[in-house]
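# Coordinate inspection notes
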Amino acid sequence: GEGRVLNEQALQWAERALTLDPDLAEGYAAKGNVLENLGRWTEGKEAYRRSIDLDPNFATAHQWYARNLSQEGDIDEALVELKRAVELDPLGPRTPDNYGGNLIWLGKCSEAHEVLDQVLAIQPGSPQARRFRRSALARAGRAAGGRKIQALHPRQHTRPHGPPPALAPAHPLHAGVGDRA
């Protein structure tokens, strides 16, 4: 459909950028993201690795690479990459709360609770961080605390949800700049 055509065009633009500057980490990350959108996971992984090789401090490349790794089932390595992205960009719009959500999904609720408290201290209005924190509290057996947070934000969406985006195959992925369903 139209999405595929647009992704093919985006791939052409990413490749064009890389012909102009073959050492452009952002170009390789963009190429990896588009390749993922096209279902070309292995090529996407290679592009992310190249991006990180060129700029090990590029948080978005680590975040997107984590998503790629999780899609291939390499959850442990995905979590390492996502944690690195958070270390590099703790104020990023989605990376820290996705990291917390992934920790919950892996059953690391205490660690998730700490991460999400830090996110909410910086971004108190983050609905995703609040939702993940409630989930961490509930899974850790402190449902009352989760209900208290929900009472503070009664309009917040509260239905049960599956694995967080960066670790959920066939789940809408939160890339930080453009989600895909």
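For clarity, every value in this text was computed on a predicted model and none was experimentally measured. (Residues numbered from 1 in each chain as written. Predicted model: local features only at pLDDT ≥ 70, side-chain atom pairs only at ≥ 80, totals over all residues. Heavy atoms only, no water.)

## Observations concerning the overall build of the protein chain
The helix and strand tally for the protein chain stands at nine helices and zero strands. Counting all 181 residues of the protein chain, 45% fall into the buried class. Element-wise, carbon and sulfur atoms account for 52% of the exposed surface of the protein chain, whose accessible area totals about 9400 Å². (Helix = DSSP H or I, 4+ residues; strand = E, 2+ residues; numbered from the N terminus. Buried < 20%, exposed > 50% of the residue type's maximum accessible area, 1.4 Å probe, protein only. Areas by Shrake-Rupley, 256 points an atom, 1.4 Å probe, with all protein chains shown as cover.)

## A word on the packing of aromatic side chains
Counted according to the given criterion, the structure contains one aromatic pair. Ring geometry for Tyr48 versus Tyr65: centroids 6.4 Å apart, planes at 50 degrees, classification tilted. Of the two residues, Tyr48 is situated in helix H3 (residues 41-54) and Tyr65 in helix H4 (residues 59-71); the sequence distance between them amounts to 17 residues. We note that Tyr48, like Tyr65, is buried. In this structure, Arg50 packs its charged tip against the face of Tyr28, placed 5.6 Å from the ring centre. (Phe/Tyr/Trp six-rings, centres within 6.5 Å; stacked < 30°, edge-to-face > 60°. Lys NZ or Arg CZ within 6 Å of the ring centre and 35° of its normal.)

## Some points on the packing of helix H7 (residues 109-122) against helix H8 (residues 127-139)
Remark: H7 packs on H8, axes separated minimally by 9 Å, with the N-to-C direction vectors making an angle of 150 degrees. Classified by the angle their axes make, H7 and H8 are roughly antiparallel. As for the relative orientation of H7 and H8, their crossing is left-handed in sense. Facing Cys109, Ala112, His113, Leu116, Asp117, Val119 and Leu120 of H7, the residues of H8 in contact are Ala129, Arg130, Phe132, Arg133, Ala136, Leu137 and Arg139. Looking at side-chain class alone, the contact of H7 with H8 contains nine nonpolar, one polar and four charged residues. (Axes fitted to C-alpha atoms, helices over the stretch in contact; angles between N-to-C directions. Parallel < 35°, antiparallel > 145°, perpendicular 65-115°, else oblique. Left-handed = near helix turned anticlockwise from the far one by under 90°. Contact = heavy atoms within 4.5 Å. Nonpolar A, V, L, I, M, F, W, Y, C, P; charged D, E, K, R; others polar.)

Distances and angles like these do not, on their own, reveal function.
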